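Residue-level structural notes
In case you want the letters, here they are:
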Amino acid sequence: MDIQAAVTEAAGGSFRIERLRIDSPGPDQVLVRIVACGICHTDMVMRDGALPVPFPAVFGHEGAGVVAAVGPGVTGLAPGDTVLLSFDSCGACPACHDHQPGYCPEFFPRNFLGVLGPEQGGLWRGGERIGSNIFGQSAFATHALAHPRNVVKVDADLPLHLLAPLGCGIQTGAGTVLETLKVGAGQSIAVFGAGAVGLAAVMAAAIAGAGRIALLDRHAHRLDLGRELGATDTATSLDALAGPFDHIVDTTGVPALLGPAVDLLATRGTLALVGAYPSDPRLTIDASAIMSLGRHIVGVVEGGIDPQRFLPALIAHYRAGRLPMEKLVRTYPFTAIAQAVQDSESGTVIKPVLLMEQDA
């Protein structure tokens with residue numbers, strides 16, 4: 001069938017909406033009519049060629065919509081099901097069996113390289129194959145092919161334009177706090193960066209009952225929102241943060257912040273590395289300051305969660321008013337994708353969400 005999709009022709013290119021052809025779902029594939037898709041910082045990282053994606057390509061990895069068809073052998077999903085989309089994994093490795101699919105050894109080929117299995121469908125522009133299956137979905141489109149492992153069935157009454165970002169940015173920040181760090185009641189935490197991931201971490205810290213919740217960012221309006229969401233302290237510079245903290249979550253990807261972050265950790269404190277760091281950064285960290293005080297540094301992918309388990313938990317928090325997504329999201333028609341990306345990159349909008357249906 002013909003669809004509309006935002007194609008990026010080459011590294012550094014723009015998102016241009018074109019008419020493409022999408023195949024019918026093959027084995028282990030689910031065709032989803034996309035209703036909404038969040039825009040994530042990683043989409044821009046891939047667009048700029050900082051990750052090994054197959055150009056020309058269709059990005060978008062916070063999709064939400066309705067199942068249109070399922071491929072051979074797919075069970076548990078049926079046409080008409082309302083779904084959220086997340087990242088893909090193999091489902092068979094030790095990490096997947098431990099409900100840690102973000103550390104699946106096939107994470108890179110399945111989510112960045114767009115690798116397709118035998119007889120699986122993809123995207124076409126005439127006779128040219130277009131890079132698809134990015135994060136197992138490529139959801140900057142009116143329809144996308146996903147997989148049972150990264151498709152989470154949800155209630156039909158949920159507002160997909162608000163909950164689409166749960167599949168990456170929000171689960172990353174919230175999962176880091178609730179699942180990887182397991183922040184306890186009364187503990188202190190500092191979050192570096194007040195984007196969608198950082199603010200999700202702030203909301204999760206409030207859910208966990210953390211005592212002191214500090215937030216660092218350069219944008220005053222983001223810090224104002226952070227205080228609404230549960231931050232007790234805010235700062236525009238690292239020098240203004242007074243430690244120690246039981247936990248620190250870095251979402252900025254700025255290597256220069258990491259050495260000073262260690263110094264802000266309490267005894268046995270943990271620094272979680274969540275940002276998109278440049279390749280091969282050279283870090284200067286005092287090893288004795290880590291060893292002698294029992295401090296920890298942990299890398300975190302997608303919050304260290306299993307979407308099949310964690311997204312329903314996030315939805316429960318949303319229904320209870322503990323995850324006010326309406327404070328983060330601004331919606332745009334699909335045709336305004338360039339403006340949505342610009343607003344995201346300038347920092348004026350926390351979480352842009354594209355609406356694929358003009359009457360949405």
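Residues numbered from 1 in each chain as written. Predicted model: local features only at pLDDT ≥ 70, side-chain atom pairs only at ≥ 80, totals over all residues. Heavy atoms only, no water.

The next subject is the overall build of the chain. Within the chain, the regular secondary structure consists of 11 helices and 18 strands. For a compact globule of 360 residues, the expected C-alpha radius of gyration is about 21 Å, and the chain comes in at 20 Å, within 12% of that figure. With the C-alpha coordinates of the chain rotated into their principal frame, the extents come out at 60 × 40 × 40 Å. Among the 360 residues that make up the chain, the fraction classed as buried is 57%. The long-range fraction of contacts in the chain, counting pairs at least 24 apart against all pairs at least 6 apart in sequence, stands at 69%. (Helix = DSSP H or I, 4+ residues; strand = E, 2+ residues; numbered from the N terminus. Rg over C-alpha atoms; globule rule 2.2 N^0.38 Å. Buried < 20%, exposed > 50% of the residue type's maximum accessible area, 1.4 Å probe, protein only. Contact = heavy atoms within 4.5 Å.)

Next up on the list: the pairing of strand 11 (residues 189-192). Neither face of strand 11 is left uncovered, since the one carrying I189 and V191 and the one carrying A190 and F192 both have all their residues buried. In the classification by handedness, the crossover that spans strand 11, the intervening helix 6 (residues 196-208) and the parallel strand 12 (residues 213-216) is right-handed. The sheet contact formed by strand 11 and strand 14 (residues 245-250) spans four bridges and is parallel. Residue F192 lies in a different strand from strand 14, and its bridge partner there is D250. (Right-handed = clockwise from strand over helix to strand, strands pointing away. Pairing = 2+ DSSP bridges.)

Working definition: the strands of a sheet are paired by backbone hydrogen bonds and lie parallel or antiparallel to each other. Within the open sheet, the six strands sit side by side as 13-12-11-14-15-16. Their pairing is parallel. Both edges of this open sheet fall to strand 13 (233-235) and strand 16 (296-299), since each of them pairs with a single strand only. The average angle at which neighbouring strand axes cross in this sheet is 15°, direction not considered. In this sheet, strand 16 lies alongside strand 15 (residues 265-273) in parallel orientation, the contact comprising four bridges. Directly across from A272, in strand 16, lies its bridge partner V298. Along the sheet, helix 6 contacts strand 11 and strand 12; its crossing angle with strand 12, the most-contacted strand, is approximately 175°. Running at roughly 165° to strand 12, helix 7 (residues 220-229) makes contact with strand 12 and strand 13 of the sheet. (Axes fitted to C-alpha atoms, helices over the stretch in contact; angles between N-to-C directions.)

With the rule as written, the count across this model stands at 19 salt bridges. Between E106 and R110 there is a salt bridge whose closest N-O contact spans 2.6 Å. We classify E106 as partly exposed; its relative accessible area is 32%. Notably, a salt bridge pairs D233 with R212, separated by 2.7 Å at the nearest N-O pair. Pair noted here: D233 is in strand 13 and R212 is in the loop between helix 6 and strand 12, with a separation of 21 residues, a long-range link. (Salt bridge = Lys/Arg side-chain N within 4 Å of Asp/Glu carboxyl O.)

Its boundaries defined by the atoms lining it, the second largest pocket holds a volume of some 190 Å³. In terms of lining, the second largest pocket is formed by F87, S89, G91, C96, P101, P148, R149, D306, P307 and Q308. Per-class residue counts for the lining of the second largest pocket are five nonpolar, three polar and two charged. (1 Å grid on protein atoms, 1.4 Å probe; cavity = no way out; pocket = protein on both sides within 12 Å on 5 of 7 lines; lining within 4 Å. Points joined across faces, edges and corners; volume = space filled by probe spheres on them. Nonpolar A, V, L, I, M, F, W, Y, C, P; charged D, E, K, R; others polar.)

Let us now look at the packing of helix 5 (residues 169-180) against helix 10 (residues 307-319). Across the interface, helix 5 lies against helix 10 with an axial gap of 11 Å and an inter-helix angle of 95°. Between helix 5 and helix 10, the interaxial angle falls into the category roughly perpendicular. Mapping the contact onto sequence places I170, Q171, A174, G175, L178 and E179 in helix 5 and P307, F310, L311, L314 and H317 in helix 10. Classifying every residue of the contact of helix 5 with helix 10 by side-chain character gives seven nonpolar, three polar and one charged. (Parallel < 35°, antiparallel > 145°, perpendicular 65-115°, else oblique.)

It is worth spelling out the sheet that holds strand 4 (residues 57-58) at this point. In space, the five strands of this open sheet follow the order 4-1-2-7-8, with antiparallel pairing throughout. Across the chains shown, the open sheet's two edge strands, defined by having one partner strand only, are strand 4 and strand 8 (128-130). With two bridges joining them, strand 1 (residues 2-8) and strand 4 adopt antiparallel strand pairing. Residue V7 lies in a different strand from strand 4, and its bridge partner there is V58.

A few words on the nonpolar core. Formed by 54 residues in total, the largest nonpolar core has its most connected members in L84, L163, L166, I170, V177, I189 and M325. In terms of residue count, helix 6 provides more of this core than any other element does, nine residues in total. Setting aside its immediate chain neighbours within four residues, I189 contacts V177, V183, A205, A210, R212, I213, A214, F245, H247 and V249. Core analysis: the next-biggest nonpolar cluster, separate from the first, contains 48 residues, A5, M46, V53 and A139 among them. (Core = buried A, V, L, I, M, F, W, Y, C linked by side-chain atoms within 4.5 Å.)

Our focus in this paragraph is empty space enclosed by the protein. Under the definition given, this model contains one cavity of 30 Å³ or more. Of the voids in this model, the largest cavity is the one considered here, and its volume is about 60 Å³. Along its surface, the largest cavity is lined by 13 residues, and L123, S132, N133, Q137 and L145 are the ones closest to its centre. When residues of the lining of the largest cavity are assigned to their parent elements, the largest contribution, three residues, is made by strand 9 (residues 143-146).

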